[in-house]
Amino acid sequence: MSAGAPSVAERTEHVDVLIVGAGLSGIGAACRLVKDFPRKTVAVLESREASGGTWDLFRYPGVRSDSDMFTLGYSFRPWDSSTTIAPGASILDYVRETARQYGVDRLIRYRQRVVAADWSTADARWTVTVDRGPEGAATYTCSFLFLGTGYYRYDEGFTPSFPGEERFEGRVVHPQHWPADLDYAGKRVVVIGSGATAVTLVPTLAEKAERVTMLQRSPGYIAVLPSVDDGFDRLLARHVPKRAAAAVSRWKGITQSLVSYRISRRSPERMKGILRSQARKRLPDDFDIAKHFQPKYDPWDERLCIVPNGDLFTAIRDGRADVATDTIDTFTERGIRLTSGEELDADVIVTATGLNLLLFGGMALSVDGTAIDPAERVTYKGMMLEGVPNLAFAIGYTNASWTLKIDLVVHYVERLLRHLDRTKQTTVVPVPPRDVGERTPLIDLSSGYIRRGIHLMPKQGAEAPWRLHQNYPLDVKLFRLGRLRGDGLRFSGRVEAPEWVMAE
């Protein structure tokens, strides 16, 4: 290296758009941007050693989608399998193959954990600081920053402290870090939890284990969906062009989800009856549904858990699994003693007890050196922060497929980039009115992991565009057809646009 040349750690690379996170959201955004803006430079930073995000991280038995794949898949590359509730491995293959097809796999830089990002008004760019572990720090600059990091910690799941857990002589595991060497065949397994992970694990573990018990402090709502399409989508695909068929299947899934949500909110007792009926058809006649599958809250106060073809109920009916609704008194050498005095023998205890929230991958945000606390900011369309320029983040729906919202967010980012190029401006920042109304949490679920971390999350105002609809058809209008100017955004900065901009 010549005298005075910067070291590798000191070099700074500039790109037009920097994407943080190589999961479902980040890869989807990158594919759209490289296709629609072939002359812009794009890079993707991933803190782990592999792409796929959630679908690479979670390796527990039976991991699968909790939305139908016609809506969880990308709109620009439709899911083409008849499996609607797909295994995690299939989703991971789909995400990675999409990245390869669009050349995005070559844009991903691994083992790059973003620790800080500072916006410079004078330079109209972000400076992003990255921790590369043993390789030291690195710095990137970008004109626009897209955060596809989700909102939970990848390195640590949530496990409460249990009395006496040090006495247990078996093995305790958390699904977020499932051990590859765990042999549960012929073993007695207790799964603590009643959420999506627990209801996925129980029937899958029951295929090999001697007995599986789902231990829940309180029940959650469970809905039965078919694991493959009902024949309509296959029939459609045979007679309609592929892209049109995919669009119809996608809107069918959207409509079904929206109808379910509206019934739950407007007629909760009716939805409770539907869910009870689904369970009653599949469980033994003497099973206590009221105790084990009838929550005290209304449907969609917490996200509904999906069981494809009712597999959880089938495992219970066949005697391979059971449910205990009680609280834990203490772990014992042989298992768990409940408050009621009942003892659950176990060789393996799985703590499917939830996630820890972590916004933006834990990075520190600042504007001109002044720290930004997202929890003190209101969001614009649930995708940008007040007072923070040229930044968008990906947080999906709570009542529908994650990807539906991300698709709208990316489309809106593209509109912003085109407008900046066309008007030869550099900067766009959300500026709320003086009174945005009551500030409420961005995510409106009462799930445990949300309650534990909601104080870290940004807020929303009383009305659009500062409030989320949680309604895809309304958001299509808001994101795709809504005006850019005069709707809470302020554009500024002047640059000489490159010749190719004027030609587009």
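Residues numbered from 1 in each chain as written. Predicted model: local features only at pLDDT ≥ 70, side-chain atom pairs only at ≥ 80, totals over all residues. Heavy atoms only, no water.

Asks: Could you clarify how one ought to interpret the pattern of salt bridges in this entry?
Replies: Charged atoms that come close allow side chains of opposite charge to pair. Summed over the entire model, instances satisfying the criterion amount to 31 salt bridges. Residue Asp322 is joined to Arg211 by a salt bridge in which the shortest nitrogen-to-oxygen separation is 3.1 Å. Here Asp322 is found in strand S12 (residues 321–325), whereas its partner Arg211 is found in strand S9 (residues 211–216), with 111 residues between them in sequence. On the basis of relative accessible area, Asp322 is assigned to the partly exposed category, the value being 23%. Put simply, Asp318 and Arg317 hold a salt bridge, and the shortest N to O gap is 3.6 Å. Residue classification places Asp318 among the partly exposed residues on the basis of a relative accessible area of 44%. For Arg317, a relative accessible area of 43% gives the class partly exposed. Through salt bridges that share partners, Arg32, Lys35, Asp36, Asp407, Glu414 and Arg480 make up one connected network. (Salt bridge = Lys/Arg side-chain N within 4 Å of Asp/Glu carboxyl O. Helix = DSSP H or I, 4+ residues; strand = E, 2+ residues; numbered from the N terminus. Buried < 20%, exposed > 50% of the residue type's maximum accessible area, 1.4 Å probe, protein only.)

Asks: Could you clarify how one ought to interpret the state of the cysteines in this entry?
Replies: In protein structure, a disulfide is the covalent linkage between the sulfur atoms of two cysteines. Inspection of the entire model under this criterion finds 0 disulfides. No disulfide involves Cys31; its sulfur sits 19 Å from the nearest other cysteine sulfur, which is in Cys142. (Disulfide = S-S within 2.5 Å.)

Asks: In this structure, what is going on with the pairing of strand S22 (residues 427–430)? I would like to understand it.
Replies: On any regular strand, side chains alternate: one points to one face of the sheet, the next to the other face. Of the two faces of S22, the one carrying Thr427 and Val429 and the one carrying Val428 and Pro430 are both buried. In the sheet, S22 pairs with strand S25 (residues 489–492) via 4 bridges, with the strands oriented antiparallel. Within S25, the residue paired with Pro430 across the bridge is Leu489. (Pairing = 2+ DSSP bridges.)

Asks: Looking at this structure, how should I read the nonpolar core?
Replies: Across soluble globular proteins, you tend to see nonpolar side chains buried next to one another. Val191 and Phe293 are the most contacted members of the largest nonpolar core, which has 96 residues in total. With 10 residues, helix H11 (residues 402–423) is the largest single contributor of residues to this core. Once residues within four sequence positions are removed from consideration, Phe293 is found in contact with Met214, Pro219, Gly220, Ile222, Leu283, Phe287, Leu312, Phe313, Ile316 and Val323. Core analysis: the next-biggest nonpolar cluster, separate from the first, contains 34 residues, Val114, Val130, Val367 and Leu468 among them. (Core = buried A, V, L, I, M, F, W, Y, C linked by side-chain atoms within 4.5 Å. Contact = heavy atoms within 4.5 Å.)

Asks: Any chance you could explain the packing of helix H1 (residues 24–36) against helix H4 (residues 88–101) here in plain terms?
Replies: Viewed as axis vectors pointing N to C, H1 and H4 meet at an angle of 25°, and their least axial separation amounts to 10 Å. As the angle between them shows, H1 and H4 are arranged roughly parallel. Regarding H1 and H4, the two cross each other, and that crossing is left-handed. In contact with Leu24, Ile27 and Cys31 of H1, H4 contributes Val95, Thr98 and Ala99. In terms of residue class, the contact of H1 with H4 is made up of 5 nonpolar, 1 polar and no charged. (Axes fitted to C-alpha atoms, helices over the stretch in contact; angles between N-to-C directions. Parallel < 35°, antiparallel > 145°, perpendicular 65-115°, else oblique. Left-handed = near helix turned anticlockwise from the far one by under 90°. Nonpolar A, V, L, I, M, F, W, Y, C, P; charged D, E, K, R; others polar.)

Asks: How should the environment of Leu489 be read in this particular structure?
Replies: By the element assignment, Leu489 lies in strand S25. A relative accessible area of 10% places Leu489 in the buried class. A C-alpha to C-alpha distance of 10.0 Å links Leu489 and Leu416, two positions 73 residues apart in sequence. Discounting chain neighbours no more than four positions away, the residues touching Leu489 are Tyr380, Met384, Tyr412, Leu416, Val428, Val429, Pro430 and Leu484.

Asks: Would you take a moment to explain helix H13 (residues 472–481) for this structure?
Replies: Along an α-helix, a turn takes 3.6 residues, which lines up residues three or four apart on a common side. When we look at burial in H13, the residues that qualify are Tyr472, Asp475, Val476, Leu478 and Phe479. Its side-chain oxygen placed 3.1 Å from the backbone nitrogen of Leu474, Asn471 serves as the N-cap of H13. (Polar contact = N/O pair within 3.5 Å; in protein donor to acceptor, adjacent residues only side chain to side chain.)

Asks: Would you mind going over the environment of Gly488 with me for this structure?
Replies: Considering the arrangement of structural elements, one finds Gly488 in the loop between H13 and S25. On a C-alpha basis, the gap between Gly488 and Ala117 in space is 23 Å, while along the polypeptide they are 371 residues apart. Discounting chain neighbours no more than four positions away, the residues touching Gly488 are Tyr380, Val429, Pro430, Val431 and Trp466.

Asks: Sorry if this is basic, but what is going on with helix H5 (residues 196–205) here?
Replies: With 8 of its 10 residues buried, H5 lies for the most part within the structure. Three or more residues of H5 are buried, namely Ala198, Val199, Thr200, Leu201, Val202, Pro203, Thr204 and Leu205.

Asks: Can you help me understand the sheet that holds strand S14 (residues 335–338) in this one?
Replies: Whenever strands of a sheet pair, they do so through backbone hydrogen bonds, lying parallel or antiparallel. Taken in spatial order, the 3 strands of this open sheet run S13-S14-S15, and their pairing is antiparallel. Single-partner strands in this sheet number two, and they are strand S13 (328–331) and strand S15 (343–345). On average, each strand axis in the sheet is tilted by 20° relative to the strand beside it, whichever way the strands run. Across 3 bridges, S14 lies against S15 in antiparallel orientation. Directly across from Ile336, in S15, lies its bridge partner Leu344.

Asks: What is the right way to look at the packing of aromatic side chains in this model?
Replies: Taken as a whole, this structure holds 20 aromatic pairs when the rule is applied. Taking 6.5 Å as the distance between ring centres and 85° as the angle between the ring planes, the aromatic pair formed by Tyr397 and Tyr472 counts as edge-to-face. On the criterion of sequence distance, the pair formed by Tyr397 in the loop between strand S21 (391–393) and H11 and Tyr472 in helix H13 is long-range, its members being 75 residues apart. A relative accessible area of 5% means that Tyr397 is categorised as buried. When its relative accessible area of 9% is taken as the criterion, Tyr472 is described as buried. Directly above the aromatic system of Phe479 lies the positively charged group of Lys381, at a separation of 5.6 Å from the ring centroid. (Phe/Tyr/Trp six-rings, centres within 6.5 Å; stacked < 30°, edge-to-face > 60°. Lys NZ or Arg CZ within 6 Å of the ring centre and 35° of its normal.)

Asks: Sorry if this is basic, but what is going on with the side chain of Thr403 here?
Replies: Position of Thr403 relative to the elements: it lies in helix H11. Residue classification places Thr403 among the buried residues on the basis of a relative accessible area of 4%. When sequence neighbours within four positions are dropped, the list of residues in contact with Thr403 reads Leu24, Thr71, Leu72, Gly73 and Tyr74.

Asks: Explain the packing of H11 against H13 to me, please; I cannot follow it from the model alone.
Replies: How two helices sit against one another is set out by the angle between their axes and by the gap between those axes. Look at H11 against H13: their axes get within 9 Å of each other, and the N-to-C directions meet at 10°. As far as their axial angle goes, H13 and H11 are roughly parallel. Contact residues: Leu404, Lys405, Asp407, Leu408, Val409, His411, Tyr412 and Arg415 in H11; Tyr472, Asp475, Val476, Leu478, Phe479, Arg480 and Leu481 in H13. In the contact of H11 with H13, the residues fall into 9 nonpolar, 1 polar and 5 charged.

Function cannot be inferred from these measures alone, as they are strictly geometric.
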